[in-house]
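Results of the structural survey
If you want the building blocks of each chain, they are given just below.
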Amino acid sequence: MDTVLTGVKTTGTPHIGNYVGAIKPAVEASVRPGARSYFFLADYHALGDPELTSRTTLEIAATWLACGLDPDKVMFYRQSDIPEIPELAWILNVSTAKGLLNRAHAYKAAVDANVAEGNDPDHAIMMNLYNYPVLMAADILMFKATKVPVGKDQKQHVEMARDVAQRFNHHFGETFVLPEAVIGEDVATLSGLDGRKMSKSYGNTIPLFASEKDLRKLVMKIKTNSLEPGQPKDPSDSTLFDVYKAFAAPEQTAAIRERYAAGIAWGEMKQMLFELINAELAEKRAEYERLIASPAHVEKLLREGADKARAISRPFIAEIRERVGIRPLAR
Ligand code: TRP
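The structure reproduced in this document is the subject of the present report. Owing to the predicted nature of the structure, the values given are computational and were not obtained by experimental measurement.

The number of helices and strands found in the protein chain is 13 helices and five strands. The principal-axis extent of the C-alpha atoms belonging to the protein chain is close to 85 × 50 × 35 Å. Relative to its 331 residues, the protein chain shows a buried fraction of 44%. Of all intrachain contacts in the protein chain linking residues separated by at least 6 positions in sequence, the fraction that spans at least 24 positions is 77%. Accessible surface computed for the protein chain: about 16,900 Å², of which carbon and sulfur atoms make up 54%. Across the protein chain, the centroid of the 41 positively charged side chains sits 2 Å from that of the 43 negatively charged ones.

Structure (structure tokens):
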């Protein structure tokens, strides 16, 4: 039986690209029989802005719950509620080569940017960036995950976790299960308002739980071209079509394709897109708002999740401590 584990950094408000690309497929996968699922909020990975960390922890927890993640069926917890994780991260340093971390893409990109600007290569680079892959390895290895669904940009981190685990097992004896990254090839990368990839860093997102009014406004802002109603339009060059497709059933997409050929007006297409997204999200949005208004309830669910997760991490860290020689001096 597979153990599927994935974490979400608490660094921003989820947008509809996160929903179609990550949240929806993950929630669907979590109810399929035959796998144990772990979902957690990676708040130790997101330190820096206290208000942002704490607000997005609530927002992301509420988002996943509103989208149907069932804490009775999956492990749902906050990383910082599991003290065994940072403890393991420290222990894993013993089997993590510095040269391995030197090769991490995120660190290398920061070094390259410094060099390009004529700065010291490590200028303003903090250890939390450098050590990020070790903490992530601890997240994964602690729960013996076999499959780790992540975006392409995280593949290297999962491979590093594997490397670190292998080295540890070799030195201290079989302890960790070697994880494998699962990269959703067909996962939609959604286009944003301006037609580029929807991304927080481009400022072109549609927040997943924007109010109905804001959702409508944002959909109306999606970039189109100047073709008039009645002129045939090309779906392969249309952000509206891209987003529609991500939310629609195949029959709906096929029907819209025909409307494009027949020259649908952009205004009508925008209205149809708004209605489609809103129909999918309206109920979830109401649940989200209810959860955001009850932080104590969300906190309670996270604590319960942590209790369940710690029932696994506590005995495992005891075993790991034994292995590395952290033992009572007398029994
Ligand atoms: N680094 C991941 C990201 O930026 C988040 C993450 C932290 C994670 N720990 C993890 C993902 C463990 C999978 C498994 O998206």
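And the narrative resumes.
Counting 49 residues, the largest nonpolar core has I16, W64, F76, I206 and I277 as its most contacted members. Examining the composition of this core, we find that nine residues originate from one element, helix α12 (residues 266-292), more than from any other. In contact with I277, not counting residues within four places along its chain, are I16, L215, V219, V243 and F247.

Once that is clear, we can look at the environment of F76. Following the sequence through the fold, F76 ends up in strand β3 (residues 75-78). For F76, a relative accessible area of 3% corresponds to the buried category. With 35 residues separating them in the primary sequence, F76 and L41 have C-alpha atoms 8.2 Å apart. Leaving out residues up to four positions away in the same chain, F76 has contacts with F39, A61, W64, L65, L69, P71, L301, L302, G305 and A306.

What surrounds the ligand is a group of 14 residues, the closest being K9, Y132, M136, D139 and Q154. Contacts to the ligand include Y132, whose side-chain N or O atom sits 2.6 Å from a nitrogen atom. One of the side-chain nitrogen or oxygen atoms of Q154 is found 2.7 Å away from a nitrogen atom of the ligand. Those elements giving two or more residues to the shell around the ligand turn out to be β1 (2-9), β2 (35-42), α7 (132-142) and β4 (147-150).

Within the structure shown, the criterion is met by 17 salt bridges. Two residues, K147 and D2, come together in a salt bridge whose shortest N-O distance is 3.3 Å. One end of the pair, K147, is in strand β4; the other, D2, is in strand β1, and 145 residues separate them in sequence. A salt bridge links R310 to E84, with the nearest nitrogen and oxygen atoms 2.7 Å apart. Placement of R310 in helix α13 (residues 295-324) and of E84 in helix α3 (residues 84-92) is noted, with a sequence separation of 226 residues between them.

A few words now on the environment of Y202. Inspection of the secondary structure puts Y202 in the loop between β5 (180-183) and α9 (212-221). Note on Y202: relative accessible area 40%, which makes it partly exposed. Sequence separation of Y202 and G192 is 10 residues, and the distance between their C-alpha atoms is 8.6 Å. Not counting the four nearest positions on each side in its chain, Y202 is found in contact with R196 and K197.

Further remarks concern the pairing of β3. Side chains of β3 alternate between two faces, with M75 and Y77 and F76 and R78 buried alike. By the bridge criterion, four bridges tie β2 to β3 in an arrangement that is parallel. When the sheet's bridge partners are listed, F39 is paired in β3 with F76. Chirality of the crossover, the property in question, places the unit of β2, helix α2 (residues 50-66) and β3 among those that are right-handed.

With that settled, consider the pairing of β2. Burial analysis of β2 places six of its eight residues in the buried class, the great majority of the element. By the bridge criterion, eight bridges tie β1 to β2 in an arrangement that is parallel. Bridging from a neighbouring strand, T6 pairs with F39 of β2. Taken together, β1, helix α1 (residues 16-31) and β2 constitute a β-α-β crossover, and its handedness is right-handed.

On to unusual backbone geometry. Its identity as a non-glycine residue notwithstanding, A124 has a phi of 65°, on the positive side. Looking at the element boundaries, A124 is found in the loop between α5 (105-116) and α6 (127-130). Located in the positive-phi region is K144, a residue other than glycine, with phi close to 50°.

Reading guide: rules and limits
- Residues numbered from 1 in each chain as written.
- Predicted model: local features only at pLDDT ≥ 70, side-chain atom pairs only at ≥ 80, totals over all residues.
- Heavy atoms only, no water.
- Helix = DSSP H or I, 4+ residues; strand = E, 2+ residues; numbered from the N terminus.
- Buried < 20%, exposed > 50% of the residue type's maximum accessible area, 1.4 Å probe, protein only.
- Contact = heavy atoms within 4.5 Å.
- Areas by Shrake-Rupley, 256 points an atom, 1.4 Å probe, with all protein chains shown as cover.
- Lys, Arg positive; Asp, Glu negative; His and termini not counted.
- Charge placed at Lys NZ, Arg CZ, Asp CG, Glu CD.
- Core = buried A, V, L, I, M, F, W, Y, C linked by side-chain atoms within 4.5 Å.
- Near = heavy atom within 4 Å.
- Polar contact = N/O pair within 3.5 Å; in protein donor to acceptor, adjacent residues only side chain to side chain.
- Salt bridge = Lys/Arg side-chain N within 4 Å of Asp/Glu carboxyl O.
- Pairing = 2+ DSSP bridges.
- Right-handed = clockwise from strand over helix to strand, strands pointing away.

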